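Spelled out, the chains give:
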Amino acid sequence: MKTTFVVPDDLEPARRDPAAPAIGEAVPPHNPRCHGCGPDAENGLHLRAVFGENLTATATLVVEPRFEGGPGVIHGGIVSTLFDEMMGLANVHLGVVAVTAVLDVDYARPIPVGTTLRLVGRVLGRQRRKVYSAVEAFDDAAGPDAEPLAAGHGIFVVVDPRAHFAATRP
Ligand SMILES: CCCCCCCC(=O)SCCNC(=O)CCNC(=O)[C@H](O)C(C)(C)COP(=O)(O)OP(=O)(O)OC[C@H]1O[C@@H](n2cnc3c(N)ncnc32)[C@H](O)[C@@H]1OP(=O)(O)O
């Protein structure tokens, strides 16, 4: 991976919220209409992630023809959306609401339509209100030791959801 994103070396450890659903359980959608994970989003991605060990969240997704960008390959904006969402879902381990401030994506390989992606989001650590997270996308058919097809990083900022969405919540 060739990203220039810098993860600070003085991150504070992130702690799992004891009230979060157990490891192995589904990550609940944070908004039923969310384009990434919402079951009610008409044309959404409908990501269904599961909580994993070490502050991870994992999901699989088939790259459908409607996700095409270049001929026969996934649109880069879809990868960005998947990455934003998977890191956001991993952050649910922490029991906070954190919105994306920075999203960095390293598109390492073309991803053909029809690929089953295995997506793994992970919380790296915290710095005050900032949550640093990372994400990788693998070809699920390529086995556990395969290199990622794409990888990303994010900085999420913890907000008070009532105040943050006060003006926009329907
Ligand atoms: C609800 C869960 C959803 C999960 C999945 C989906 C995630 C999403 O897609 S969220 C939607 C996209 N994101 C947004 O709409 C956010 C829009 N931006 C904002 O609302 C604001 O800029 C916000 C909240 C990120 C930061 O504003 P504010 O609350 O005033 O924070 P502020 O005090 O400026 O900064 C807090 C810290 O974050 C840092 N920070 C803020 N923005 C950035 C940035 N762009 N780059 C780097 N650092 C940043 C600040 O430097 C500060 O760090 P430090 O502690 O080191 O001083």
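Residues numbered from 1 in each chain as written. Predicted model: local features only at pLDDT ≥ 70, side-chain atom pairs only at ≥ 80, totals over all residues. Heavy atoms only, no water.

- Going by the annotation in an unreviewed UniProt entry, the name recorded for the protein is Acyl-coenzyme A thioesterase THEM4, with Williamsia serinedens given as the source organism.
- Its UniProt record, at the heading Sequence similarities (unreviewed entry), says of the protein: "Belongs to the THEM4/THEM5 thioesterase family." (UniProt positions renumbered as here; feature names shortened; annotations may be inferred.)

Looking at the UniProt feature "domain: Thioesterase" (unreviewed entry) in the protein
No. 1: As recorded in UniProt, the feature "domain: Thioesterase" (unreviewed entry) lies at residues 72–140.
No. 2: Annotation note: span residues 72–140, helix share 22%, strand share 46%, distance between end C-alpha atoms 18 Å. (Helix = DSSP H or I, 4+ residues; strand = E, 2+ residues; numbered from the N terminus.)

Points about the site of the ligand
No. 1: Lining the immediate surroundings of the ligand are 16 residues, of which Asp84, Thr100, Arg128, Arg129 and Lys130 lie closest.
No. 2: A distance of 2.7 Å is found between an oxygen atom of the ligand and a side-chain nitrogen or oxygen belonging to Asp84.
No. 3: Here an oxygen atom of the ligand and a side-chain polar atom of Arg128 are 2.8 Å apart.
No. 4: Calculation on the ligand without its partners gives an accessible area of 1,100 Å², and the protein chains cover 52% of this total.
No. 5: Taken together, the residues of the shell around the ligand break down into seven nonpolar, four polar and five charged. (Near = heavy atom within 4 Å. Polar contact = N/O pair within 3.5 Å; in protein donor to acceptor, adjacent residues only side chain to side chain. Areas by Shrake-Rupley, 256 points an atom, 1.4 Å probe, with all protein chains shown as cover. Nonpolar A, V, L, I, M, F, W, Y, C, P; charged D, E, K, R; others polar.)

A look at the sheet that holds strand S3 (residues 98–107)
No. 1: Strand order in the open sheet made by the six strands is S1-S2-S4-S5-S6-S3, with antiparallel pairing throughout. Across the chains shown, the open sheet's two edge strands, defined by having one partner strand only, are strand S1 (50–52) and S3. On average, each strand axis in the sheet is inclined to that of its neighbour by 25 degrees, with strand direction left out of account.
No. 2: Alignment of strand S5 (residues 130–139) against strand S6 (residues 150–158), held across eight bridges, turns out to be antiparallel. Bridge assignment links Val135 to a residue of S6, and that residue is Gly152.
No. 3: Most of the contacts of helix H1 (residues 76–90) go to S3, to which it runs at about 135 degrees, and overall it touches S1, strand S2 (56–62), S3, strand S4 (116–127), S5 and S6. (Pairing = 2+ DSSP bridges. Axes fitted to C-alpha atoms, helices over the stretch in contact; angles between N-to-C directions. Contact = heavy atoms within 4.5 Å.)

Things to note about H1
No. 1: With 15 residues, H1 extends 21 Å between its outermost C-alpha atoms, agreeing within 8% with the 21 Å of an ideal straight helix rising 1.5 Å per residue.
No. 2: Taken together, the buried positions of H1 are Ile78, Val79, Ser80, Leu82, Phe83, Glu85, Met86, Met87, Leu89 and Ala90. (Expected span 1.5 Å × (residues − 1). Buried < 20%, exposed > 50% of the residue type's maximum accessible area, 1.4 Å probe, protein only.)

Some remarks on the side chain of Thr56
No. 1: Checked against the element boundaries, Thr56 lands in strand S2.
No. 2: Under the relative-accessibility criterion, Thr56 is labelled buried at 13%.
No. 3: Among residues more than four places away in sequence, those in contact with Thr56 are Val50, Phe51, His93, Val120, Gly121 and Arg122.

Some thoughts on the side chain of Asp104
No. 1: Residue placement: Asp104 occurs in strand S3.
No. 2: Buried charge without a salt bridge: Asp104, with Arg122 as the nearest opposite-charge side chain at an N-O distance of 13 Å.
No. 3: If we skip the residues at most four places from it in the chain, Asp104 touches Thr3, Phe5, Ala151, Gly152 and His153. (Lys, Arg positive; Asp, Glu negative; His and termini not counted. Salt bridge = Lys/Arg side-chain N within 4 Å of Asp/Glu carboxyl O.)

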